[in-house]
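Understanding the architecture of this molecule
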Amino acid sequence: MGDIIAISDSRTGRTYTLPIENGTIRAMDLRQLKTGPDDFGLMTYDPAFMNTASCRSSISFIDGDKGILEYRGYPIEVLAENCNFLEVAYLLLFGNLPNGDELKGWVYEITHHSMLHESTKKFTEGIRYNAHPMSMLVSTVAALSAVYPDARDVQSADNRLLQIKRLIGKMPTIAAMSYRHSVGFPYVYPDNDLSYTENFMNMLWKMVEPKYVAHPMLARALDVLFILHADHEQNCSANAMRSVGSSLADPYLSIAAAAAALSGPLHGGANEEVIRMLDEIGTKENVYDYIRRVKDGHGRLMGFGHRIYKNYDPRAKIIKWIAEQVFEVTGRNSRLDIAMELERIALDDEYFVSRRLYPNVDFYSGIIYQAMGFRPEMFTVLFAIPRTVGWLAQWQEMLLDPEQKIARPRQIYTGQRMREYLPLEKRTPVHAMEEV
Ligand code: CMC
């Protein structure tokens, strides 16, 4: 017999035994705790999902206390050192690392889905040039839903795979097009001879040279950064992907929702905010004062803290290590010294120690991106490209999980009931204000 928990309901004097599985009880089992036949039954209240597992998943594993991240059972450090991004994408989506032939076929497929329909180009051209690149990305991905109406058939495995290839292939093209649109440069078409990251760099930065050649160290660094950002279990954007996808919306619209969730400064938008924060601090000497202000309740230390990690984010450790290699090529980003001083003081400060706040993935990534030539507004776009793989893996897992249904939380209603209707002429402004 498995573990059970006995719950005694002081309202009725009855005792219930509920099974415990994987360290959880089923919220639906609580429904049997009733005070009478008219009672709906007990619910759980968990704003922001602080203590609720919303699914079973075999994609990413995080041990937040130990600072461990694994994709499909492989430590992130091993994948970052030995694999390329598309290999890891294959692993996340299909569960195992590809062999040589599988990888060749997969790379070919993704590469041959990188072109955008010309109507998509026109759509992006219609967006104001000074829009944030994340707004352009979200809108353009959503617009692909109109280009590929066949994507609505989400129950077909073949069709899902086609859309998955299209999305992974086209995200760098959309991202690069958004950037070139914002600076007024002509769009660069994909080059099928190049690797995933080299081609992205080509579409971003090619000018009049006949063939763009990326610096191999920088292309590899970007590839590793893409691996680190590819998935992170049930974060805010993965949850948005699963939630929207659970209504059987097409994957372009679901990805647009996930990317929108990513854009917020508490999630993927934090990398852009870190650079703004470091610029606001200005010099190493100002770090102490800045931290004091944060402790006094003025803002947050961006790139610090995590819902799950109560230890150093393993991705931040790898990023720090790549930063040194990138700086050998690009020259040192002066913000690194401020960031390291910030980390040093914070990790020794009671406020941060007691709350177990450590640098997260966004703390050092922006410093590298900036040294490589990316503008801060592009940072979250650089997060969205690889995370598309994770979103798609989570989406597919959700669709294939027989326990999943349309996501539809409950609420505790706090408003009024059965109010008396007042005709328009009887309503006063004061009356309207009071009633809200
Ligand atoms: N700076 C200062 N104090 C903080 C910070 C921070 N960055 N993060 C959390 N705290 C404090 C918070 O004020 C609270 O203190 P108290 O208990 O006195 O009220 C305590 O730590 C717990 O914070 P919380 O807001 O309950 O934690 P959460 O799990 O809801 O939030 C977080 C997680 C990531 C949103 C938050 O740590 C944060 O806002 N960090 C800054 C933004 C950031 O770097 N986001 C990127 C997250 S990692 C990558 C990604 O998801 O995209």
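Sequence order as written defines residue numbering, which begins from 1 separately in each chain. Only residues with pLDDT of 70 or above have their local features reported here, since the model is predicted, and side-chain atom pairs are shown and tallied only from 80 upward, although totals for entire chains, interfaces and linings are computed over all residues. Only hydrogens and water are set aside when side-chain values are computed; all heavy atoms of the structure are taken into account.

The next point concerns the side chain of Gln 396. A helix here means a DSSP run of H or I that spans at least four residues, while a strand means a run of E at least two residues long, and both kinds are numbered starting from the N terminus. Within the secondary structure, Gln 396 sits in helix H17 (residues 379–400). Residue classification places Gln 396 among the buried positions, given a relative accessible area of 15%. Not counting chain neighbours up to four residues away, the residues in contact with Gln 396 comprise Arg 160 and Ile 164. Throughout, exposure labels follow a simple rule: accessible area from a 1.4 Å probe, protein chains only, divided by the maximum for the residue type, with under 20% read as buried, over 50% as exposed, and the rest as partly exposed. Whether two residues are in contact is decided by their heavy atoms: any pair within 4.5 Å suffices.

A few words on the domain arrangement of the protein chain. Quoted interface sizes are often the accessible area lost when the parts come together. For every domain, the bounds stem from an assignment made automatically or drawn from a database. Taken domain by domain, the protein chain consists of domain 1 (4–44) and domain 2 (66–398). One C-alpha centre belongs to domain 1, the other to domain 2, and the line joining them spans 42 Å.

Attention shifts here to the site of the ligand. Any residue with a heavy atom lying within 4 Å of a molecule or strand is counted as near it. Close to the ligand lie 21 residues, the nearest being His 267, Arg 300, Leu 301, Gly 303 and Arg 307. Pairs of N or O atoms are called polar contacts if they sit within 3.5 Å, as long as, within protein, a hydrogen donor faces a hydrogen acceptor (for residues adjacent in sequence, only side-chain-to-side-chain pairs). Here a nitrogen atom of the ligand sits 2.7 Å away from a polar atom, N or O, in the main chain of Leu 301. One nitrogen or oxygen atom from the side chain of Asn 360 is found 2.9 Å from an oxygen atom belonging to the ligand. The method behind every accessible area is Shrake-Rupley, applied with a 1.4 Å probe, and residues are considered shielded solely by the protein chains displayed. Protein contact buries 73% of the 930 Å² of open area that the ligand shows by itself. The residue inventory of the shell around the ligand, partitioned by class, reads 11 nonpolar, 6 polar and 4 charged. Residues were grouped as follows: Ala, Val, Leu, Ile, Met, Phe, Trp, Tyr, Cys and Pro as nonpolar; Asp, Glu, Lys and Arg as charged; and all remaining residues, including Gly, as polar.

Next up on the list: the nonpolar core. Nonpolar cores were defined as sets of buried Ala, Val, Leu, Ile, Met, Phe, Trp, Tyr and Cys residues, with membership established by side-chain atoms within 4.5 Å. Ranked by size, the top nonpolar core spans 117 residues in total, and within it Tyr 71, Leu 137, Ile 168, Phe 200, Met 277 and Phe 374 carry the most contacts. Element by element, the count of residues in this core is highest for H17, at 13 residues. Setting aside anything within four residues of it in sequence, one finds Phe 374 in contact with Phe 200, Leu 204, Trp 205, Leu 222, Tyr 369, Phe 379 and Leu 382.

In this section: the packing of helix H9 (residues 236–245) against H17. Only the stretch in contact is used when fitting a helix axis, every axis being a line fitted to C-alpha atoms; angles between N-to-C directions are given from 0 to 180 degrees. Remark: H9 packs on H17, axes separated minimally by 9 Å, with the N-to-C direction vectors making an angle of 40°. Here H17 runs oblique to H9, going by the angle between their axes. Pair H9 / H17 crosses with right-handed handedness. On the side of H9, the interface is formed by Ser 237, Ala 238, Met 241, Arg 242 and Gly 245, while H17 contributes Arg 387, Trp 391, Leu 392, Gln 394, Trp 395, Glu 397, Met 398 and Leu 399. Looking at the contact of H9 with H17 residue by residue, the classes come out as 7 nonpolar, 3 polar and 3 charged. Convention used here: angles under 35 degrees read as roughly parallel, angles over 145 as roughly antiparallel, angles from 65 to 115 as roughly perpendicular, and any remaining angle as oblique. Crossings are classed by handedness, with left-handed meaning an anticlockwise turn of the near helix from the far one by less than a right angle and right-handed meaning a clockwise turn.

Relative to each other, helix H8 (residues 216–228) and helix H13 (residues 314–330) sit at 165°, their axes nearing to 10 Å. Here H8 lies roughly antiparallel to H13, going by the angle between them. The crossing of H8 and H13 is left-handed. For the pair H8 and H13, contact is made by Met 217, Leu 218, Ala 221, Val 224, Leu 225 and Leu 228 and by Arg 315, Ile 318, Ile 319, Ile 322, Gln 325, Val 326, Val 329 and Thr 330, respectively. Grouping the constituent residues of the contact of H8 with H13 by class yields 11 nonpolar, 2 polar and 1 charged.

Spatial ordering of the open sheet is given by E3-E4-E5, a layout of 3 strands whose pairing is antiparallel. The sheet terminates laterally at strand E3 (60–63) and strand E5 (74–75), the two strands that pair on one side only. Strand pairing requires that DSSP identify at least two bridges connecting the strands. Where strand E4 (residues 68–71) lies against E5, 2 bridges are found, and the strand directions are antiparallel. Pairing of Tyr 71 across the sheet is with Tyr 74, part of E5.

With that settled, the discussion passes to the pairing of strand E2 (residues 14–19). Of the pairings in the sheet, the one linking strand E1 (residues 4–9) to E2 comprises 6 bridges and is antiparallel in character. Paired with Asp 9 across the bridge in E2 is Arg 14. Taking the residues that link successive antiparallel strands as the turn, the E1-E2 hairpin has 4 residues, and the phi of Gly 13 there is positive, at about 80°.

Here a patch means residues that are over 30% exposed by relative accessible area and free of salt bridges, tied together within 9 Å if like-charged and within 5 Å if nonpolar (Val, Leu, Ile, Met, Phe, Trp, Tyr). A pair is scored as a salt bridge if a Lys or Arg side-chain nitrogen falls within 4 Å of a carboxyl oxygen belonging to Asp or Glu. Together, Phe 40, Met 43, Tyr 45 and Ile 412 make up an exposed nonpolar region whose accessible area comes to about 440 Å². Relative to the assigned elements, Tyr 45 resides in the loop between E2 and E3. Assessed through its relative accessible area of 63%, Tyr 45 is described here as exposed.

The subject of this paragraph is the pattern of salt bridges. Tallying each qualifying case throughout the model produces 23 salt bridges. We note a salt bridge from Arg 56 to Glu 21, for which the minimum N-O separation is 3.4 Å. Within this pair, whereas Arg 56 is found in the loop between E2 and E3, its partner Glu 21 is found in the loop between E2 and E3, the two being separated by 35 residues in sequence. Residue Arg 56 is classed as partly exposed on the basis of its relative accessible area, which comes to 40%. What you see here is one network of salt bridges that share partners, running through Glu 21, Arg 26, Arg 56 and Glu 403.

Attention now moves to the packing of aromatic side chains. Ring geometry is summarised as follows: Phe, Tyr and Trp rings, the Trp one being its six-membered ring, pair when their centres sit within 6.5 Å, and such pairs are stacked at plane angles under 30 degrees, edge-to-face over 60 and tilted between the two. Inspection of every chain in the model, using the stated rule, returns 17 aromatic pairs. Centre to centre, the rings of Phe 94 and Trp 106 are 5.3 Å apart; their planes meet at 85°, and the pair counts as edge-to-face. Within this pair, whereas Phe 94 is found in helix H2 (residues 85–94), its partner Trp 106 is found in helix H3 (residues 100–111), the two being separated by 12 residues in sequence. By relative accessible area, which is 36% here, Phe 94 ends up partly exposed. The class of Trp 106 is buried, set by a relative accessible area of 4%. Between Trp 205 and Phe 374, the ring centres sit 4.8 Å apart and the planes meet at 45°, which makes this aromatic pair tilted.

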